[in-house]
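For reference, the chains in residue letters:
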Amino acid sequence: MGGACFRSGASVIDPASEVARILGGPDVSPELKAQLNLVVKAAGRSSTSEAELRALFDSLLDACPGELCPRLVNWFAEVPQKKRTGLVALMQRLISHAVQAKVAAAQKIVSSDSAESLEFGRVAAKCELLLSIDESQRGGVAVAAGVLSGIARWSLSPNTCDGSSGGSSSSSGFRAAAAAAAEATAASCVSPALDGLVLLFRRALLSQVGTSASAALQRWRDLEDELGVPHLEAHLPLLGRRAKALLLGLALVPEGTKPATLVVSRDSPLDAAGAQSQLLAASSACILSCYFESASGTKMMQGKRVEGGEGHGPRKEFFIAASADLMKRWRVQEVDVFTTSVVGSDNRITFEAGSGSAEVPDILTKTRIGDRISLQCEGHADIAGTVTLKVGANTLVLDKPFVCEVSGSCRFELQRPSVPLFEFHRGTGQTWFSAYATELDGSQGKDLRDRYRSLGKLMSLALANHCKLGFVLPTVFFRLLLRRQVSFSLEDLKGFDDALHASMRKCLKMKPGHFQDLKEVEGLSAELTREDYVQRQVLQTLSPVAMDEIRDGFESLIPPDVLCNLTPGELRQMLCPTDATAKSINIRHIFEVILEDEMAECPAFVEAFWSVLERFSVEEKRLFLMFVTGVETPPEPGTEQLLIQLPFSAFSQDEYLGMLDMLPQAHTCTNTLELPNYHEALLQSGRVPEDASHARLVKELTNLLGVKLRLAIHETAGYELDGILGADRGPHSPAPADASGPVFSPPGEPAGAFAAVVRPVELQAWRLPNCLGDEIGEDNQMQGDNSASSVLPFSLTTSTFGAEKQCLPLKEGQEQRHGVNELLEDLDSLLNTPT
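As a starting point, this report considers the structure included with it.

How each quantity is defined
Residues numbered from 1 in each chain as written. Predicted model: local features only at pLDDT ≥ 70, side-chain atom pairs only at ≥ 80, totals over all residues. Heavy atoms only, no water. Buried < 20%, exposed > 50% of the residue type's maximum accessible area, 1.4 Å probe, protein only. Helix = DSSP H or I, 4+ residues; strand = E, 2+ residues; numbered from the N terminus. Core = buried A, V, L, I, M, F, W, Y, C linked by side-chain atoms within 4.5 Å. Contact = heavy atoms within 4.5 Å. Pairing = 2+ DSSP bridges. Phe/Tyr/Trp six-rings, centres within 6.5 Å; stacked < 30°, edge-to-face > 60°. Lys NZ or Arg CZ within 6 Å of the ring centre and 35° of its normal.

**Re helix H25 (residues 568–575)**
Within H25, six of the eight residues are buried, leaving the element largely enclosed by the surrounding structure. Listed in full, the buried residues belonging to H25 are Pro568, Glu570, Leu571, Arg572, Met574 and Leu575.

Quick look at the structure:
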């Protein structure tokens, strides 16, 4: 279809010449002529009977879509709107007649067993016979798919969208109307039946992405062949945004492309990704396996210690963090932790060497005027400020007064000014280019061009990885990215930046002398007219030169023929968290919530859980989303599952009492929330009588779950309970005696875990036997401390999911054992002890 010549315009055509016009020459076969004649006549009728549809299917049984479809699309481009509408409706009826009822029946089967919906083979085995299209209808479906996708691509071509066919310029209002009409035409080509077919396998396909996107796509293509469905990845305009994003992401990763391991810091993830040149220098998209650096991490990747999280959770976090990187005005240059004495008064701070440390820490030598520093010292409030003067080698003068005199461990963070690529735009209330987007030829030009190009690649990678950026961009950005808007006028500023629009209108009325003064102040040519000046300001605002760099990066990883399948609005919703600013968040509406049977069979627990969640403020709901999914922005409604599980066991009253002290955990890779069975624990521990009323049980559960869940979502950050270790201590180092002191983490990394991290005074030591993790590997490490004020819980890391099982409290006087071998000995002893 890409080679067809589509002619624009809607001139009225004599009905007698319609068929002759679409035939295209005397060499057209009689069969093709008959097929075209039948389709054109059927498209002119307001309705089509069952008998007429069967006749049309029979006629198209052996049709060649490559010959028939381009001619019908050409005809569509030339006829009046009524005939256009008729052709689209006819093609939709063909697909719906062959597919719709089959998909509806298959949806009932799949929805009845949500657990199996993650296994592609099982879903396919259940639905394949039911979904298979009748042999007599496959030709008609193929033609209808080709015609609808061809019409959509024609409508989304730059000339059609911009309303400037033939290169002529158009008014802002006319271009907006043309773009709206084009997108409406493309939307009318979406087939609900085929869209539903793809969404039927959405979760199963996404579950394979982390291992091999190309393998997942091949399995899908094999299924399409079995069902007799056209390859929908070649007909993306037939699909709604969610299904389109799914197949687009799979298609962007070439066959044989392995996932790329990416180790980044939380402070500067985009810079770290750029340093790994094999990623941003690649010519095709790939799936990312993201890891965040952590000096206290239990895993080693590329020679660096990293947090234990892996899978889709850290992947989503990377794109959010990289987006924030683009807007930073200060960037962490270096971080050091050293022992020193700090004496400060007024604005002056002096560092004196501590025992066992160098005379002057190297980071102080690197600090210069204009840098920003942040100090965290044991037993003292944080100190932050900008360096205004250096006195000697170890004294700094800051822009803010303070008083301090402390000795001990000090975390020194050095920040340097950074050029933000984007900033908040008041006119749209969204994110837009910073003023630096037009200054790519200055001293920082090369760095800016590289960073803008990296953003373009980042956007392509986000599509391939089924992730979103961390900020919302206006639709005009995506019209530019897709080359759907090629010209701008002053009126385009209206509604985007009303203040600038009013200013430019005044400029057009400026007296010659005043305008001449303006040009002299700005160093502009004396020959520049007011109209040219205004047009220049419009282009610098709406289409800065940085857009070219972003587009170059974006298109370097996406084949050009793929982009013609997308509307700017669709691409915006695929890449931006458009629901992030919602004033209310309805968890039940956003997710398909699946409760484990043990919880679903306990009405009081379910009622208490939803009571707690629905009483959360919007900010608390965002923290809950961060806890469970890894990002605080809600997914699009209906696109993701939320799994609620009760994985922990207890067998004695003491253990049930211990379960009441446990906190919820989460696996962000699978959106899984793990809750201790507080219901059973309350009853079996004796805290609530077994004959208690339903109302009392709900009240007790609501109070308990409210406290525990709020504590978990407020006190969690990063991955692994091990993260609360100091960055300068080894994984088996004992906890400090003073649990109230600060715990230092690597630069930009908060201490804690998505698995229920609490304040030091509330932590306990834990033992394993009754809640083994899913697996024990060579890299798993367990840590604990016997002291009552331990800041380190005992945990068994399960590296598969990026979170760990939490274990029950040690009984009083019980010895804590650390190693894996000792653990196995304990387990063997437990299993072989007669009961």
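What follows continues from the structure just given.
**A few points about the nonpolar core**
Counting 146 residues, the largest nonpolar core has Phe201, Trp220, Phe318, Phe422 and Phe477 as the members making the most contacts within it. Setting aside chain neighbours within four positions, we find Phe201 in contact with Phe120, Val123, Ala124, Leu131, Trp220 and Leu223. Ile587, Met599, Val606 and Trp610 belong to the second-largest nonpolar core, a separate cluster that totals 44 residues.

**Here's the deal with the pairing of strand E7 (residues 372–377)**
Bridge analysis of E7 against strand E10 (residues 404–417) gives six bridges, and the strand direction is antiparallel. Bridge pairing in E10 links Gln376 to Arg411. Across four bridges, the pairing between E7 and strand E8 (residues 383–391) is antiparallel. The partner of Ser374 across the bridge, within E8, is Ala384.

**What about the environment of Thr475?**
Along the chain, Thr475 turns up in helix H19 (residues 475–481). Overall, the relative accessible area of 28% leaves Thr475 in the partly exposed class. With residues up to four places along the chain from it excluded, the contact list for Thr475 reads Pro568, Gly569 and Arg572.

**Points about the packing of aromatic side chains**
In the structure shown here, the tally under the stated rule is 19 aromatic pairs. The interplanar angle of 75° and the centroid separation of 6.2 Å between the aromatic rings of Phe422 and Tyr452 together place this pair among those described as edge-to-face. Residue Phe422 is located in strand E11 (residues 422–425), and its partner Tyr452 is located in helix H18 (residues 445–464); the two are separated by 30 residues in the primary sequence. Looking at Tyr452, the relative accessible area reads 0%, which means it is buried. Centre to centre, the rings of Trp432 and Phe496 are 5.0 Å apart; their planes meet at 75°, and the pair counts as edge-to-face. Taken together, the positions of Trp432 in strand E12 (residues 430–433) and Phe496 in the loop between H19 and helix H20 (498–508) put the pair 64 residues apart, joining distant regions of the chain. The burial state of Trp432 is the same as that of Phe496; both residues are buried. Ring pairing ties together the aromatic residues Phe422, Trp432, Phe433, Tyr452, Phe471, Phe477, Phe478 and Phe496, which thus form one cluster. Stacked on the ring of Phe76, the Lys or Arg Arg84 has its end atom at 5.1 Å from the ring centre. One Lys or Arg, Arg588, reaches over the ring of Trp610 and ends 4.3 Å from the middle of that ring.

**Details of the pairing of strand E5 (residues 330–345)**
Two elements, E5 and E10, share 14 bridges in a ladder whose sense is antiparallel. When the sheet's bridge partners are listed, Thr339 is paired in E10 with Ser409. Two strands pair when backbone bridges link them, and E5 and strand E6 (residues 348–353) are joined in this way by six bridges, in the antiparallel orientation. From the neighbouring strand, Val342 faces E6, where its bridge partner is Phe351. Two successive antiparallel strands, E5 and E6, enclose a turn made up of two residues, where Asp346 displays a positive phi of approximately 55°.

Just distances and angles here, no functional claims.
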